[in-house]
Amino acid sequence: MTAGEALDARAGHDTESIDIQRLRIGGSNIDSELQEERDGEMRHARTIATSSRPAPRTLPVSVRSAIGTFGLCSDDIDAERRDRVGHAEHASAELLNTLDARALALITGPSGAGKSTLLRALHARARDRGLVVVAHDERQRRRHSTTRVMTLFVRGRSPSKLARGLRILSAAGLADARLGARRVEELSAGERARLELALLMRQAEDAVAIAGDTGPGVLVSIDELCTGLDDQTARGVCATLARWARSTIHRGRLRVVCATSRDAALDWLTPDLLARVGLDGLAEITVAEDRRDPSAGLVIQIGSTRDYLALAPMHYRTSCPASIVRVLTARRACGEPVLGVLVVSMPTLNGAWRARAWPDLAPASRAPGALRAAARRLNDPAPGGSGVRRISRVIVDPRARGQGVGAALVRAYLADPLTPRTEAVAAMGVACPLFVRAGMCEWVLEHGKRDREMLRALRDHDLHAFDLVDIDSFVRRCARTPALSAALIRWASGSRSTRRLARGSFREIIRAAARSLCVPPRAYTASATTD
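Residues numbered from 1 in each chain as written. Predicted model: local features only at pLDDT ≥ 70, side-chain atom pairs only at ≥ 80, totals over all residues. Heavy atoms only, no water.

Q: I would appreciate a short explanation of the overall build of the protein chain in the present structure.
A: Broken down by element type, the protein chain carries 19 helices and 15 strands. Every one of the 531 residues in the protein chain was classed for burial, and the buried ones make up 44%. Expressed as a percentage of contacts within the protein chain between residues at least 6 apart in sequence, the contacts between residues at least 24 apart total 73%. Carbon and sulfur atoms make up 52% of the accessible area of the protein chain, which amounts to about 27200 Å² in all. (Helix = DSSP H or I, 4+ residues; strand = E, 2+ residues; numbered from the N terminus. Buried < 20%, exposed > 50% of the residue type's maximum accessible area, 1.4 Å probe, protein only. Contact = heavy atoms within 4.5 Å. Areas by Shrake-Rupley, 256 points an atom, 1.4 Å probe, with all protein chains shown as cover.)

Q: Teacher, can you tell me more about helix α4 (residues 74-99) here?
A: The periodicity of an α-helix, 3.6 residues per turn, causes residues three or four places apart in sequence to face the same way. Between its first and last C-alpha, α4 extends 37 Å over 26 residues, near the 38 Å set by a 1.5 Å rise per residue. Listing the buried residues of α4 in full gives Asp78, Val85, Ala88, Glu89, Ala91, Ser92, Ala93, Leu95, Leu96 and Leu99. (Expected span 1.5 Å × (residues − 1).)

Q: Even after reading the chapter, I still don't get the pairing of strand β5 (residues 218-222), so can you show me in this structure?
A: Residues in a regular strand point their side chains to alternate faces of the sheet. Taking burial as the measure, the five residues of β5 include five buried ones, the bulk of the element. Burial along β5 is two-sided: Val218, Val220 and Ile222 facing one way and Leu219 and Ser221 facing the other are all buried. Pairing of strand β4 (residues 132-135) with β5 involves four bridges; the strand directions are parallel. Across the sheet, residue Val133 finds its bridge partner in β5, namely Leu219. The pairing of β5 with strand β6 (residues 254-260) spans five bridges and is parallel. Paired with Ser221 across the two strands is Val257, which belongs to β6. (Pairing = 2+ DSSP bridges.)

Q: So what exactly am I meant to see when it comes to the sheet that holds strand β10 (residues 324-331) here?
A: Hydrogen bonds between backbone atoms are what pair the strands of a sheet, whose relative direction is either parallel or antiparallel. The seven strands are arranged β9-β10-β11-β12-β13-β15-β14 in an open sheet whose pairing can be described as mixed. Since the sheet does not close on itself, it has two edges, and those belong to β9 (299-302) and β14 (441-444), each with one partner. This sheet shows a mean twist of 25° between the axes of neighbouring strands, independent of strand direction. Bridge analysis of β9 against β10 gives four bridges, and the strand direction is antiparallel. Within β10, the position partnered with Ile300 by the bridge is Ala330. Lying over the sheet, helix α14 (residues 405-415) contacts β9, β10, β11 (338-345), β12 (388-396), β13 (421-425) and β15 (522-527), oriented at roughly 40° with respect to β11. (Axes fitted to C-alpha atoms, helices over the stretch in contact; angles between N-to-C directions.)

Q: It is not clear to me how the sheet that holds strand β3 (residues 104-108) should be interpreted in this structure. Could you clarify?
A: One open sheet accounts for six strands, arranged β4-β5-β6-β3-β7-β8; its pairing is mixed. Every other strand in the sheet has two partners, leaving β4 and β8 (283-287) as the edge strands with one partner each. Adjacent strand axes in the sheet meet at a mean angle of 20°, parallel and antiparallel pairs treated alike. Against the sheet, α4 contacts β3, β5, β6, β7 (273-277) and β8, and its axis sits at roughly 10° relative to β8.

Q: Would you explain the packing of aromatic side chains in this entry?
A: The way to describe two aromatic rings as a pair is by their centre distance and the angle between their planes. What the rule picks out here adds up to one aromatic pair. One cation-aromatic arrangement involves Arg202 over Phe153; the distance from NZ or CZ to the ring centre is 5.5 Å. Above the plane of the ring of Trp491 lies Arg450, whose end atom (NZ or CZ) is 4.0 Å from the centre. (Phe/Tyr/Trp six-rings, centres within 6.5 Å; stacked < 30°, edge-to-face > 60°. Lys NZ or Arg CZ within 6 Å of the ring centre and 35° of its normal.)

Q: How should the state of the cysteines be read in this particular structure?
A: As used in these notes, a disulfide is a covalent bond between sulfur atoms, one from each of two cysteines. Counted under the stated rule, the structure contains zero disulfides. Free cysteine Cys226: the closest other cysteine sulfur is in Cys238, separated by 3.8 Å. (Disulfide = S-S within 2.5 Å.)

In short, the description is geometric, and any link to function would need to be established separately.
Listed below in structure tokens is the structure:
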């Protein structure tokens, strides 16, 4: 097969799949010249670009007029196309050969240089080699416009599918508790870009799983990367993509190729391979050696409560920690906007995980004297003591997610903590394991007695804890089921922290129960000294 035949054959196949039946607008046929142009393009799609004698065809009247205005003819157009496709075929072969041992490649160059042509040639050549090609589908975006985000990744209540869906959304920088309930059409441009990335991640991981360790590799292709996004959001998307492409679980089986006209993407993406396409269509391919960690250049400083309050609306818990003792901020450079904050506060007196992490903090008995002694050990601020402080908030600007900002803040605090022992309790840990990435130990705890009794009552009525999330629906169910209402009141009365809710509205009880029952509590601990 001569140069360009594979690409043109594929173009012909794609074009033939288009429905070219005569369209009707307002009950009449579309303009005859437009129909002639469509028919001419269909016949010309089978033309072999490198052939010296192209297949006969009829150019539409509008095309003939435009070409003739510049003093050109069809042979001139064919010659230009042969050169463009030939350059793309040659570059795609070199790019694919070099990419075999690398995970991430970037195609850059000015608009109109031929980046998309090179990507299409790369697709054809990769398929010829047996690779599975995963590329963005514009039709998919339109089809999903009214779909809620979470239903794109999870159907039903399967815990494993839920965990995988949350992991992929988190990997794409979408670990936002409220975002899953929104429709795709309600997302911002940056959120849609991350959602498209998450969908590609899911398709690629499915393809890798099907292929297995000995099957063909997977090539992920992204054209017009970050087009239309502001610099801060684009940087986050690129960092997210780079981290996912180099993940150890995909090593050797996944290759990612991106194309963009944004020169800054080279610094944001830190690719392994760079292909610069010039206006002449020629591509210069180089191997990039410098892989910079996107969080390496962060400036982390002690901040103020004002810094926390500026980002507080972006956290899934709107309440403010009771006793803030330190705030850390992360910036690109001194004086630049805050990308993320970490809040440290005093610990609560009770914590079931402490008996497992630090047995010496457990009270000797439930006597008042023993409880006071345990509280003193817990709050001890001495450097060599047994005191504990809690990381109560880690909030990252949505535009900066996926750049390791949250984990960098946690590591910075653990390097210079207020007390020898640090803890964190986070419901979002199942979706975004930043505390584990920062080196903290995870403790997954069992539900307490009252939680287990409430879960049993839900099962008796063929319900799941996640049914509590839809408060309006559950309120109606309680009105029809007195036993369920009684179980909720018993649950609220079973703890001092929720006892006041038992005398209030059912909505508040259901809200508190949903937060407690849906996900097993997770705690994270770290010690500055060996205990």
